[in-house]
Structures are given as structure tokens and as C-alpha cells.
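If you want the building blocks of each chain, they are given just below.
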Number of protein chains: 2
Amino acid sequence: MSGHSPTTHLLERLSRLIQNEAHASGLKPVQWEILRFLRLANRFSRTPSAVTAYLNLTKGTVSQSLNALETKQLVTKEPVAGDRRRLTLALTAAGQEMLAGDPMDALDAAARSVEAARGEDLSGGLRAVLSDLLRRRGGRAFGVCRTCRHYRPEPGVAGQARCALLNEALTPADSEAICVEHDG
Amino acid sequence: MSGHSPTTHLLERLSRLIQNEAHASGLKPVQWEILRFLRLANRFSRTPSAVTAYLNLTKGTVSQSLNALETKQLVTKEPVAGDRRRLTLALTAAGQEMLAGDPMDALDAAARSVEAARGEDLSGGLRAVLSDLLRRRGGRAFGVCRTCRHYRPEPGVAGQARCALLNEALTPADSEAICVEHDG
DNA sequence: TTTTAAATGTATCGAGTCGATACTTTTAGA
DNA sequence: TCTAAAAGTATCGACTCGATACATTTAAAA
């Protein structure tokens, strides 16, 4: 009959707050999350199916949300050479501009200032909670390229690397991006 | 162009996960949150307007969601003696039963096990982030009765107390419940 | 090579969310 | 008393999101 642990309760309230902030800012929560994902994902991962897997939505929801974002001129879809089923997504200039007014920046500022004031890093504990939860659900972790087992640093050239799975050269920026293929 | 801090990013992902879990479990996210609030709120705070303030929704949304919960027989509405504008909400037995299958229990288990394993309490940091954010927005903190400045412990009788604002006796259970009037 | 299965994305339906706005009734305050 | 504030309801519109059905393209098996 009593409720959840203090930490769970706070995560619930923060989640609600995040929804509120997103709603009160032009776009819908899912639309914001798609824009944020596209900012972070590498070029192999900017596809509808990667968005679907990352946000754990259905293909239908993602398809509709992408249509809405395309209509607002925040995202473009382009066919992929070599596989005519696939699309590559990209943020337009307006999409990047929109992210400059991301309502989540307020939470980011709060988190940074709290962590600075307390000299405490919350990310380790939260990461453990997230991966525990994802493991229970069988979901993927979606890590950053550089931490993948297919990541091969180019010997000699600092920052340069190669993906052994896709056999593609990786720029330093690629290495820090989220990849659908991560670890797999 | 780059994203948010690791902590913010993790809070975003956990928020999405919480939405997913809620959606995949019979009720909608807001409906779950209303049930959870009613479990935690004291008798002065189980009203539509308290729900509205706590979840930062509009009166319309809350009214509709409560109708849905009433139709599902999870919540009842009763008039308040002395003020015919007000309603008191209550969980039915079915509503309490429903909370026994709360999808958020999975996150709660994850949070508890992570905190136990790491010997770390995430709640302090999260509470600071939440109150920082609420302060920026001018929202109320909605604390627990016992921590309110109108809380008056009954001298001599352990656990017994009194609310100096509403002039009501408080049981030990009341003292641990969320109150709309908190601090005000 | 042909057939089958899997993958990618779209279209449509229905219940629900949620801000906005307008409204009624009741209570409190000048 | 008259007015303003408070508590809830009703309705509209854009969007969410699971479910289902569908078309197309690619890969894998026979």
C-alpha cells in the first residue's frame, strides 16, 4: 500500500516534469526525442528503424512523427543507395535551430549546477539503473561507437578509426556518436 | 551541436522508458500517475485540483482522466461536506489492486538493487535536481506533511500531531502523506 | 533459380493526452 | 450586495501510440 523508494519516486516526478516541459514548447515529447536522437546518432543510425529501436516505439508511431517533423521542415528523408527499403534521416538547419531552444536545457542546467555544487556525479548510478532495466526487458544499450567491440583505432593516426562490422572509416566525431550496431 | 550532460541524457532515457512501461500496461501514463498520487496523498489532498497542481496538468486533462478512471471503477468521486464545489477522490479496491501490478515496480526494483549494490543513495542528488527545477518554474515542492511548518507534534503522545493550518488531528499515517498545503 | 521468409517503411483505426477556451456553480471578499 | 476567485465540466484540435494490415525490397533456402 505504501509507495516506491525515494529514488523511484523522484524519477517518476522528474519524468512527469520532462513531459510537461516538452509539451509546453512547440513540439511534442516524442518529436523532441527524435530530434535529440538525430543530433547524437551516427550516419548508420539515422534511420526510422534505429529511432524505433532507440525510443522503443512502434514503426507506425515513428513514421507518423517523422511525417510531422518533415512537414515542419525540421527533418529530411533521403533514400539510401544500395537498399531501396531504407531511408536516411537528417536534421535541417531549422531542426538544429529548434534544438537550440530545447526545453530540456533547463533540466540540463539544473543537473549540472547540482552536480557542481555537490561535487557528485549522478550519471554512474543512473546508468546502472538504466542498464539494469534494459537488461530485464531485453533491450539494447545503444552505446557510443568508440566503446563498441567493432571499433578499431587506426594505428598511428590519433582519433582516426575504422568500424570492423560495416568496414567504414570513422572520424573522431563518428566515434562519439550513438550507433544502432553498437556491440552487436 | 553536441548534446546534454551524461546525467541529463540518462534522465531523458529513463523518462522515455517510464513512458513505455506505463503505456504497455493497461492504463495510460497519466492514469497511472493519478493512481500513485492518490495512494500517497493525505485526505486534504485527494482532490482534482491537487492532482492538477501536483502533476502540472490542466484542469481539463485531469477531469477527463478521472472520468476514465471512474469508468474503469478504479477511483470514486464524492462530494465534500461544507463546500459544494469540491470533490474527494478515493481509490477503490480495484484501484489498489491495479497498483499492485504497477509497471513502475520494475524500475523500483532496479533502483533498489543498484543502490544496494553500490552502497549509494541517488535520492539526494535527484531531489536537489527536482527542487532546483521546480524553483525555476515557480512550482511547489509538495512535501510530506511531517516536514511542513504547520505540523505540530502532540506533546507527550508519540506519533500524534496536529495541522495548525487546517486545525485537524493527524494520525501517524497522515504525517507521512503528501499534502497540497505543504509549507504554505 | 525460384520460392519463401524477413526487413523496412506506410496507412488506418481507436482510445487517450493535453493545451486552450468557454462555461456553470459555489464560495469568499470588498 | 456585488464582484471576483475557485472548483469542476465540456468541447475542440493536434498529436501519441499500440494494433493491424499492407506494399516493397532484400536475403536465404530449396
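First, a word on what this report is: a plain description of the structure on this page. Residue positions are counted from 1 within each chain, in the order its sequence is given. Each chain is given a letter, starting from A, and each ligand a number, starting from 1, according to the order in which they appear as written. Reporting of local features is limited, given that this is a predicted model, to residues whose pLDDT is at least 70; pairs of side-chain atoms are given and counted only at 80 or more, and all residues count toward the totals for whole chains, interfaces and linings. Computation of side-chain values covers all heavy atoms of the structure but excludes hydrogens and water.

Digging into the relation of the copies chain A and chain B
Thought 1: Only residues with pLDDT of at least 70 in both copies count here: their C-alpha atoms drive the least-squares fit that superposes the copies. For the match of chain A to chain B, the screw axis carries a shift of 0.0 Å, the RMSD comes to 0.1 Å, and the turn is 180°. The two molecules are tied by a two-fold rotation axis, judged by turn and shift. Among all C-alpha atoms of chain A, that of Ser-15 of chain A lies closest to the rotation axis, at 2.4 Å.
Thought 2: By definition in these notes, contact holds between two residues if any of their heavy atoms fall within 4.5 Å. Both copies present the same face, since 100% of the interface residues in chain A are matched by interface residues at the equivalent positions in chain B.

Regarding the sheet that holds strand β4 (residues 161-163) of chain A
All names here are of chain A.
Thought 1: Taking strand neighbours across the sheet as the criterion, the 3 strands line up as β3-β4-β5 in an open arrangement whose pairing is antiparallel. Bordering the open sheet on either side are β3 (151-153) and β5 (168-170), each of which pairs with just one other strand. Put simply, the sheet's adjacent strands are angled 30° from each other on average, direction ignored.
Thought 2: For two strands to pair, DSSP has to find at least two bridges joining them. Numbered from the N terminus, helices here are DSSP runs of H or I no shorter than four residues, and strands are runs of E no shorter than two. In terms of strand pairing, β4 meets β5 through 3 bridges, oriented antiparallel. Bridging across to β5, Arg-162 finds its partner in Ala-169. Only the stretch in contact is used when fitting a helix axis, every axis being a line fitted to C-alpha atoms; angles between N-to-C directions are given from 0 to 180 degrees.

Some points on the protein's contact with DNA strand C
Thought 1: Close to DNA strand C lie 24 residues; Ser-63 of chain A together with Lys-28, Val-30, Thr-61 and Arg-84 of chain B are nearest.
Thought 2: Distance and chemistry together define a polar contact, namely a pair of N or O atoms within 3.5 Å, with one atom able to donate a hydrogen and the other to accept it when in protein, and with adjacent residues in sequence counting only for side-chain atoms on both sides. Interatomic distance of 2.9 Å between a side-chain N/O atom of Ser-63 of chain A and a phosphate oxygen of DNA strand C.
Thought 3: Here Thr-58 of chain B contributes a backbone N or O atom positioned 3.3 Å from a phosphate oxygen of DNA strand C.
Thought 4: Mapped onto the surface near DNA strand C, the elements with two or more residues apiece are α1 (6-23), α3 (48-55), α4 (59-71) and β2 (83-91) of chain A together with α2 (29-40), α4 (59-71) and β2 (83-91) of chain B.
Thought 5: Classes in brief: Ala, Val, Leu, Ile, Met, Phe, Trp, Tyr, Cys and Pro nonpolar; Asp, Glu, Lys and Arg charged; the others, Gly included, polar. Residue classes in the surface near DNA strand C are distributed as 4 nonpolar, 10 polar and 10 charged. In this text, near means that some heavy atom of the residue lies within 4 Å of the molecule or strand in question.

Structural measurements only, silent on function.
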